[in-house]
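A look at the structure
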Amino acid sequence: RIWIEDPSDDDWMCIHTISGGHSSTVWQLAFDPNSNGDRFVSCSDDKALVTWVREDVSSSSSADVSSSSSAGGKAQSVRSDLTIAYKAESITPVGCRTLYGVDWSKDGYIAVASGDNSIRVFAELPSLGSEKKRKIDDRKSASKGQTDDSM
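The rules behind the values
- Residues numbered from 1 in each chain as written.
- Predicted model: local features only at pLDDT ≥ 70, side-chain atom pairs only at ≥ 80, totals over all residues.
- Heavy atoms only, no water.
- Helix = DSSP H or I, 4+ residues; strand = E, 2+ residues; numbered from the N terminus.
- Buried < 20%, exposed > 50% of the residue type's maximum accessible area, 1.4 Å probe, protein only.
- Contact = heavy atoms within 4.5 Å.
- Areas by Shrake-Rupley, 256 points an atom, 1.4 Å probe, with all protein chains shown as cover.
- Phe/Tyr/Trp six-rings, centres within 6.5 Å; stacked < 30°, edge-to-face > 60°.

**A short note on the overall build of the protein**
Secondary structure summary: the protein contains one helix and eleven strands in total. Listed N to C, the secondary structure of the protein is β-β-β-β-β-α-β-β-β-β-β-β in terms of helices and strands. Expressed as a percentage of its 151 residues, the buried residues of the protein come to 35%. A fraction of 45% describes how many contacts in the protein between residues 6 or more apart in sequence connect residues 24 or more apart. Per element, the accessible surface of the protein, about 8,600 Å² overall, is 48% carbon and sulfur.

Now the structure itself:
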């Protein structure tokens, strides 16, 4: 869920519910710094890295958006004045343990930190489309500060 502060009563309100991409707790997300909010990546307890892309939602469906919950890998606004929706663009299984942290660099690299004591770096393969990712680096024993290339 994505929350914002409601200025009328200093409380928080849910503006988006995202489901369908992950099957367990989502620990972190990072927006693509080159997409103007159109794409983000999330990591989860289900050991998956999910890339999300904004969908166009017509203004005629805004009444439906306000009363619907998301399903089928889509996230829609729960407020009728926000007509934003995201769908799962790709799901990439990563390792054998929970993924706790993710970041997306302005150069297009996606780094993910895992409970298996590793950091993995991915890059999209433009020739195959955005749904294909390629692991370009894998650092084991990352918490021990080892950064040499012999790993």
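**With respect to the packing of aromatic side chains**
To describe a pair of aromatic rings, you give the distance between the ring centres and the angle between the ring planes. Under the defined criterion, the tally for this structure stands at four aromatic pairs. Taken together, a centroid distance of 5.0 Å and an interplanar angle of 70 degrees make the contact between Phe-40 and Tyr-86 edge-to-face. Residue Phe-40 is located in strand E4 (residues 39–44), and its partner Tyr-86 is located in strand E7 (residues 85–93); the two are separated by 46 residues in the primary sequence. The buried category is assigned to Phe-40, whose relative accessible area is 2%. Pairwise contacts between aromatic rings join Phe-31, Phe-40, Trp-52 and Tyr-86 into one cluster.

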